Amino acid sequence: MPDIRLLTASEARAAIPDLCEILADCVNGGASVGFMQPYTSADALAYWQGVAEAVEEGENLLVVAELEGKIVGTVQIGFASMPNQPHRGDLKKLLIHRSARGRGLARLLMQAVEAEAARQGKTLLVLDTATGSDAEAIYPRLGWERVGAIPDYAMWPEGGLCSTTFFYKRIGDNRN
Ligand SMILES: CC(C)(COP(=O)(O)OP(=O)(O)OC[C@H]1O[C@@H](n2cnc3c(N)ncnc32)[C@H](O)[C@@H]1OP(=O)(O)O)[C@@H](O)C(=O)NCCC(=O)NCCS
């Protein structure tokens, strides 16, 4: 059974080696999640250190999925920082190691992070993902509404421009 956990900042720091491995595996597997190939676990270190700091500052939720003592999946919500959006969060970096896909971990992570955001009073979540990616197909299955796509928004990790599709979901008291 997977263990799905919300991490504190110190737990996030301890998880950095596993998180680096997951991010490198996803980028090298072709996921468009902000980074270009070639990408190593060492390249991911600064990114995850920044995430742990954001958790420390209360700006970010970080949830992980652990199987047999190893973290194999993760997702985040970053809280919007502008004073006129205290109710909104950005869902980020839903990442499952290729060795652990297809077992329902993404669904469990999404349910857990959305529930925690709702518990903290958030009512609207937003995300974007590469058009045509595996990830684009799963969000509507999890209750997210597709808004539309912007052409040439980002690059695939191996190069070449890709469109980005935007989604939103109402949560908590503000559910449709
Ligand atoms: C997208 C990703 C997170 C899915 O993780 P996963 O643990 O394999 O997904 P799950 O097993 O929880 O599947 C969740 C749902 O999506 C569906 N799904 C999973 N992969 C799918 C795919 N490639 N195509 C279509 N549907 C898919 C499942 O059937 C399941 O639906 P159901 O619960 O209604 O039956 C994973 O492939 C991944 O990490 N990709 C690379 C990183 C990435 O692109 N992240 C998104 C950044 S926005």
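Here we summarise the structure given alongside this text.

1. Structural notes on the site of the ligand
1) Next: Near the ligand lie 20 residues; those nearest to it are Leu94, Ile96, Gly102, Gly104 and Arg107.
2) Next: In the model, an oxygen atom of the ligand is placed 2.8 Å from a nitrogen or oxygen of the Gly104 main chain.
3) Next: Leu105 is positioned such that a nitrogen or oxygen atom in its backbone is 3.4 Å from an oxygen atom of the ligand.
4) Next: About the coverage of the ligand: the protein hides 76% of its 930 Å² of free accessible area.
5) Next: When residues of the shell around the ligand are traced back to their parent elements, those giving at least two are β4 (88-96), α3 (105-119), β5 (124-130) and α4 (134-138).
6) Next: In terms of residue count, the dominant contributor to the shell around the ligand is α4 (four residues).
7) Next: Here the shell around the ligand is built from residues that sort into eleven nonpolar, three polar and six charged.

2. Some thoughts on the pattern of salt bridges
1) Next: Summed over the entire model, instances satisfying the criterion amount to ten salt bridges.
2) Next: For Asp3, the salt bridge identified is with Arg5, shortest N-O distance 3.1 Å.
3) Next: Arg5 gets classed as partly exposed once you look at its relative accessible area, which sits at 26%.
4) Next: Residues Lys70 and Glu21 are paired through a salt bridge, measuring 3.3 Å at the closest nitrogen-oxygen approach.

About the cut-offs
- Residues numbered from 1 in each chain as written.
- Predicted model: local features only at pLDDT ≥ 70, side-chain atom pairs only at ≥ 80, totals over all residues.
- Heavy atoms only, no water.
- Near = heavy atom within 4 Å.
- Polar contact = N/O pair within 3.5 Å; in protein donor to acceptor, adjacent residues only side chain to side chain.
- Areas by Shrake-Rupley, 256 points an atom, 1.4 Å probe, with all protein chains shown as cover.
- Helix = DSSP H or I, 4+ residues; strand = E, 2+ residues; numbered from the N terminus.
- Nonpolar A, V, L, I, M, F, W, Y, C, P; charged D, E, K, R; others polar.
- Salt bridge = Lys/Arg side-chain N within 4 Å of Asp/Glu carboxyl O.
- Buried < 20%, exposed > 50% of the residue type's maximum accessible area, 1.4 Å probe, protein only.

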